[in-house]
Amino acid sequence: MKHAELIHELIAIFGADRVLHKHNELVVYECDGYVAQSGRPRAVVFPETTEEVARVVQLLHREKIPFLPRGAGTGLSGGATAMNEEVIISLVRMNKMLDVDFENMRAVVQPGHVNLQLTKQIAKRNFYYAPDPSSQSACTIGGNLAENAGGSHCLKYGVTTNHIVAAKVVLPTGRVVDFGAEFGDAVGYDLLGLLIGSEGTLGIATEITVRILKKPQAVKTILAMFDRVADASETVSRIIGEGIIPAAMEMMDQLAMQAVDKSNYHVGYPLDIEAVLLIEVDGLAAGVRAESEKIVDFCKEHQVRQVKVASSDAERALWWSSRKMAFGAMGRISPDYVVQDGVIPRTKLTEVLQRIREISISSGLRIANVFHAGDGNLHPLICYDASVPFETEKAMKAGSDILKVCVDVGGSITGEHGVGIEKIEDMRYLFSDAELCTQIAIRTIFNPDDLCNSGKLIPKPGRCSEMKHTSSIIKQQLEIFVDKSTKSASHSM
Amino acid sequence: MGLEELYSVCVHCGFCLDVCPTYQQTGKENESPRGRVYLMKAAVEGTIPLDESVNDPVFNCLDCRACETVCPSGVKVGTLIEKIRGLTVQENPKTGFRKFLHNFFLRELFPSPKRLITVRKFTRFYQRSQLQKVIHMSGALRLLPKYLREMESVLPKVTKASALSVLSKDILPLSKTSKGTVALFTGCVMDVFFSEINMATARVALRNQLRVNVPKQQICCGALQVHAGDRDQARKMARHNIDVFLQSGADFIVVNAAGCGAAMKEYPELFHDDLEEQEKAMQFSKKVRDITEVLTEVGFDRPKARLERTITYHDACHLAHAQHIRTEPRELLRSIEGITLIEMQDADRCCGSAGIYNITHPDMAQQLRERKIADLPRDAEVVAMGNPGCMLQIQAGIQAGGLEMDVVHTVELLDEAYRLERAER
Ligand SMILES: Cc1cc2nc3c(=O)[nH]c(=O)nc-3n(C[C@H](O)[C@H](O)[C@H](O)COP(=O)(O)OP(=O)(O)OC[C@H]3O[C@@H](n4cnc5c(N)ncnc54)[C@H](O)[C@@H]3O)c2cc1C
């Protein structure tokens, strides 16, 4: 199909107002929150209903034109970047809350619903949506589903996959199916679990049913400043070792503190401390008081310089904003940055930070560290200047080296930001060819022509005779998802 | 700051998206701060031409600065937008009717106190004679778009004379002690349609032991010119005001219109290539205060009279986002005994007025007005705010929506309370 014809067809579905196709207006869609690589899409469309998503996907599938879903474009691994001149299906206009059921603690939202908006809308009844990525004021629940997003409070409450119970999905062939079950566990294989974290390679979620929680009765937030990182990380291990699971336990190093202190959310961290811990406990009032007192004691036992409990909501909000703004605040100290997302066993923290420091010195690039200390999810922020020749490459290399360190100490290359295009080569360090083939075989069931977000998440394995074999079997029996009765009705699985 | 310094601060995190009113309405990243910054960067670096794909989004921006409030990196989106508008205006001078409009309003009318007096006279005649009625009955207004018709119908009655002409040059407070001298900025449109608010501002300042100067040579602040990209004209006006107000020797330069206050605090941005002038602009802008700001800064007296009202407060963008003034007006309002302040949803989302945006972009302005009206708590009797443009816009929306709610400036409520206490004594 010729380009002009395609645009004509798209306009026929959406109207001219909901199709972007002029060369220069597509520029803004050439990357997401990860800016080191970019690619301009063929067009961007803005559906408002599941049916519209299905129609455009059917068209693109029929014409074998690549496409990808995009939420707010805050992803940090290039998942929403069009590397193959895709048609971008932007879900931001599908931002409604379709239903809320307080008694049964469920809400149904469209995928473009912004994470924090959900909490705001149900706050009056004292409910909230637990997964709280730092980008929650902008990112969408659809993007959260695709990345299996985590957040500060996921230490106690679990990540996105623990909070999504069902989803309506437009498969890459244009068929509409339902995954999961609003109540109880869906019987059979956990296809919803497979979808969550699949980075838009298995289909496009168009309706998402989430768990909503009652706000805890009491919250206490503690800020602890340490002269030495080692003391801070030992405190983290100690707290968990004593059987306390805080709602959140976050750490920042000196360079990160300097950046956030330059932002609108100035806390005033001393310039000579190595680490700050932000710890929150929540639950019933009595328990929370006792736990926070214990935590303060543990901090003191580990040579804390200063430790305080937030004395007001305003102070608590300031500390949290300071932490949540950290990535964005990198612009205060560096023209560009790339953030890594390695996971390590908590006990290796001090050692890994030392290795990161060495990488920083040898690459000549400053590296700030922000992380979810409780679950060992590191976010080294590598500062660079893209306008300096070769510095982007240097930064990528430093990032990759850090991930290798993480894998070597028994961890992994991503905790929550996904693989996307950014870490796709690092997947080979983590998985064998055979393992990659298995993953591709699974993808092929859902996404037979690899049209939907191609080139993300799973790298093409070197040799893959196995894969060819598997996929030919699958191709022959492709009709797995075909509805025998009516073409457009949705299935439950 | 140069352009590159301004845009290179953006790290593309996207935190600005969901607070941007035009992005909220369209869902298009081209109409978001992050997208606009990206486009401006591409245009400046020459990867795309400075054509309508850049200019439309840049001129569709409300310049409301909501993005600056949330930006972790501190990108000055407003300044960047205004500078690029300046470039565009330079490169593609307006032609035809648009040129006429631009020149007429921004170069001939607003900068000239004399012409404003003529407008005031004409409008007053229009409103007081039978002319307005005749025109309304003749249906001639139907020629105007509905949206403008609605604005016309809520234009306040023009008073007999402007505050600038009525108030004397130097007014001493009644009290013996003084907390300092303020030079009152009376504004252009403000003093045509809202001269009463200027009078109220002066009274409230005097009541709080401030000496009030009214520099007679002052002119319009130039904010609209800056927003429209006419930086040459804006610079002329700024220079004039800087001289006039610095000469007055006042401790503070007091403003009651959010847009003017923000523009005057940002005068130094206009003089990048003239360090001497910039230095003067800085001296000037350091003294600029919103009336609510100066009152909380020097300390204000709690009115002794009660005012039984249920009110809500709308944050004008150029107070909340551009000047970070949110608590001061609320504190003043709450200080009045009997007032119940109910917060509205998204109080700091733009109402669509945005200078002359509601005339240049009526569609978007109307959508935003409707959202604002939907957010007004229905049990409020009064909605207070600190900007005349918002007052007209919200008044028009309230009328179109068939609501009964008074629209007032924050100082008007305060003034009323102080006047009551005098009456009660
Ligand atoms: C400053 C900053 C801080 C961040 N902090 C965190 C954090 O604390 N925790 C965390 O987990 N992440 C964090 N992120 C990363 C990012 O916000 C998350 O990955 C988020 O889930 C992405 O949502 P989005 O709406 O922006 O999706 P996008 O970036 O638009 O898309 C992300 C991926 O999801 C796919 N996708 C989007 N919508 C759908 C859909 N409806 N169906 C199927 N696939 C879809 C896209 O194809 C893409 O692969 C942060 C990002 C930034 C910029």
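Fair warning: this is a prediction, and the values are worked out from it, not measured in the lab.

*Asks:* Break down the site of the ligand for me, with residues and values.
*Replies:* Taken together, 35 residues are adjacent to the ligand, and P69, G71, T74, S135 and T140 of chain A come closest. With respect to the ligand, its neighbouring residues span chains A and B. For the ligand, the accessible surface in isolation is 970 Å², of which the surrounding protein chains cover 100%. Of all the secondary structure elements, the ones that give two or more residues to the shell around the ligand are β3 (67-70), α4 (141-147) and β10 (204-211) of chain A. No other element matches α4 of chain A, which puts 5 residues into the shell around the ligand. A per-class count over the shell around the ligand returns 15 nonpolar, 16 polar and 4 charged.

*Asks:* Give a detailed account of the packing of aromatic side chains, specifying residues and quantitative values.
*Replies:* By the definition in use, this model includes 10 aromatic pairs over all chains. Relative to Y126 of chain B, the ring of F122 of chain B lies with its centre 6.3 Å away and its plane at 20°, an arrangement referred to as stacked. One end of the pair, F122 of chain B, and the other, Y126 of chain B, are both in helix α8 (residues 113-128), 4 residues apart, so they sit about a helical turn from each other. With 5.1 Å between their ring centres and 25° between their planes, Y267 of chain B and F284 of chain B make a pair best called stacked. On the criterion of sequence distance, the pair formed by Y267 of chain B in the loop between α16 (258-265) and α17 (275-287) and F284 of chain B in helix α17 is long-range, its members being 17 residues apart. Just as Y267 of chain B is buried, F284 of chain B falls in that class too. What links up through ring pairs into an aromatic cluster is the set F185, F245, Y267 and F284 of chain B. A cation sits over an aromatic face here: K404 of chain A above Y429 of chain A, 5.4 Å from the ring centre. Seen from the ring of F59 of chain B, R85 of chain B lies directly overhead, with NZ or CZ sitting 5.2 Å from the centre.

*Asks:* So what about the sheet that holds strand β5 (residues 288-290) of chain B? Which residues, and what values?
*Replies:* Whenever strands of a sheet pair, they do so through backbone hydrogen bonds, lying parallel or antiparallel. All names here are of chain B. Read across the open sheet, the 5 strands follow the order β1-β3-β2-β4-β5; overall the sheet is mixed. What marks the edges here is a single partner per strand, and that holds for β1 (170-171) and β5. Relative to β5, strand β4 (residues 252-255) runs parallel, the two being bridged by 3 bridges. Considered in β5, the bridge of V254 is made with R289. Sheet strands touched by α17: β4 and β5. Its angle to β5, the strand with the most contacts, is close to 25°. With respect to the sheet, helix α18 (residues 291-298) is in contact with β2 (181-184), β4 and β5, its orientation differing from that of β5 by roughly 95°.

*Asks:* Explain the pairing of strand β16 (residues 336-339) of chain A to me, using residue names and the numbers behind them.
*Replies:* Residue and element names in this part refer to chain A. Residue alternation in β16 divides its side chains into two sets, D336 and V338 and Y337 and V339, and both sets are buried. Both β16 and strand β18 (residues 377-384) contribute to a ladder of 4 bridges, which runs antiparallel. If you follow D336 over to β18, its bridge partner there is Y384.

*Asks:* Can you lay out the interface of chain A and chain B for me, pointing to particular residues and giving the numbers?
*Replies:* On the chain B side, the residues contacting the 39 residues of chain A number 33 residues. When chain A packs against chain B, close to 2,700 Å² is buried across both sides, 52% of that on carbon and sulfur atoms. It is N24, V28 and G328 of chain A that lose the most area in chain A upon contact with chain B, and together they represent 19% of the buried surface on that side. Counting across the interface, chain A meets chain B through 2 salt bridges. Across the salt bridge formed by D17 of chain A and K28 of chain B, the nearest N and O atoms sit 3.5 Å from each other. The interface formed by chain A and chain B includes 17 residue pairs in polar contact (both at pLDDT 80 or more).

*Asks:* Hey, could you go over the side chain of S360 of chain A for me, with residue numbers and the actual values?
*Replies:* All names here are of chain A. One can find S360 in helix α11 (residues 349-363). Its relative accessible area of 16% is what places S360 among the buried residues. Residue contacts for S360: discarding those within four places in its chain leaves L365, R366 and I367.

*Asks:* Tell me what's going on with the pairing of strand β9 (residues 176-180) of chain A, and back it up with residues and numbers.
*Replies:* Residue and element names in this part refer to chain A. When you tally the buried positions in β9, you get 4 out of 5 residues, the bulk of the element. Relative to β9, strand β8 (residues 164-170) is paired through 5 bridges, and the arrangement is antiparallel. Bridge pairing in β9 links K168 to D178. Once β8 ends, the chain turns through 5 residues before running back antiparallel as β9, passing G174 with a positive phi of about 100°.

*Asks:* I'd like a rundown of the nonpolar core, residues and numbers included.
*Replies:* In this structure, V212, M264, Y267, L295, V383, I394 and L413 of chain B are the most contacted members of the largest nonpolar core, which totals 98 residues. For this core, the element with the most residues is helix α13 (residues 195-207) of chain B, which contributes 7 residues. V383 of chain B has contacts with T312, H314, M344, L376, I394, I398, M405, D406, V407 and V408 of chain B, leaving out every residue within four places of it along the chain. Of all hydrophobic cores here, the second largest spans 46 residues; its members include A232, V236, I279 and A398 of chain A.

*Asks:* Give me the domain arrangement of chain B: which residues, what numbers.
*Replies:* Residue and element names in this part refer to chain B. Split into domains, chain B comes out as domain 1 (3-91), domain 2 (96-154), domain 3 (163-296) and domain 4 (303-423). On the domain 4 side, the residues contacting the 14 residues of domain 1 number 16 residues. Taking both partners together, domain 1 and domain 4 bury about 1,200 Å²; carbon and sulfur atoms supply 59% of that area. A per-residue breakdown of the area domain 1 buries against domain 4 is headed by Q25, L62 and T69, which together make up 42% of the total. Applying the counting rule to domain 1 against domain 4 returns 0 salt bridges. Across the contact surface, domain 1 and domain 4 share 9 residue pairs in polar contact (both at pLDDT 80 or more). Among the elements that line the side of domain 1 that touches domain 4, the one with the most residues is helix α2 (residues 21-26), at 5 residues.

*Asks:* Explain α8 of chain B to me, using residue names and the numbers behind them.
*Replies:* Residues and elements named next belong to chain B. Compared with an ideal rise of 1.5 Å per residue, which puts 16 residues at 22 Å, α8 spans 22 Å between its outermost C-alpha atoms and is within 8% of the ideal. All of the buried residues along α8 are L116, R120, T123, R124, Y126 and Q127. Angular distribution of buried residues about the axis of α8 spans 160°; they occupy a single face of the element. Opposite its buried face, α8 presents the exposed residues K114, T118, K121 and F122, each directed more than 90 degrees away.

Conventions and cut-offs
- Residues numbered from 1 in each chain as written.
- Chains lettered and ligands numbered in written order.
- Predicted model: local features only at pLDDT ≥ 70, side-chain atom pairs only at ≥ 80, totals over all residues.
- Heavy atoms only, no water.
- Near = heavy atom within 4 Å.
- Areas by Shrake-Rupley, 256 points an atom, 1.4 Å probe, with all protein chains shown as cover.
- Helix = DSSP H or I, 4+ residues; strand = E, 2+ residues; numbered from the N terminus.
- Nonpolar A, V, L, I, M, F, W, Y, C, P; charged D, E, K, R; others polar.
- Phe/Tyr/Trp six-rings, centres within 6.5 Å; stacked < 30°, edge-to-face > 60°.
- Buried < 20%, exposed > 50% of the residue type's maximum accessible area, 1.4 Å probe, protein only.
- Lys NZ or Arg CZ within 6 Å of the ring centre and 35° of its normal.
- Pairing = 2+ DSSP bridges.
- Contact = heavy atoms within 4.5 Å.
- Axes fitted to C-alpha atoms, helices over the stretch in contact; angles between N-to-C directions.
- Buried area = accessible area lost by both parts, 1.4 Å probe.
- Salt bridge = Lys/Arg side-chain N within 4 Å of Asp/Glu carboxyl O.
- Polar contact = N/O pair within 3.5 Å; in protein donor to acceptor, adjacent residues only side chain to side chain.
- Core = buried A, V, L, I, M, F, W, Y, C linked by side-chain atoms within 4.5 Å.
- Domains from an automatic or database assignment.
- Expected span 1.5 Å × (residues − 1).
- Arc of directions from axis to C-beta.

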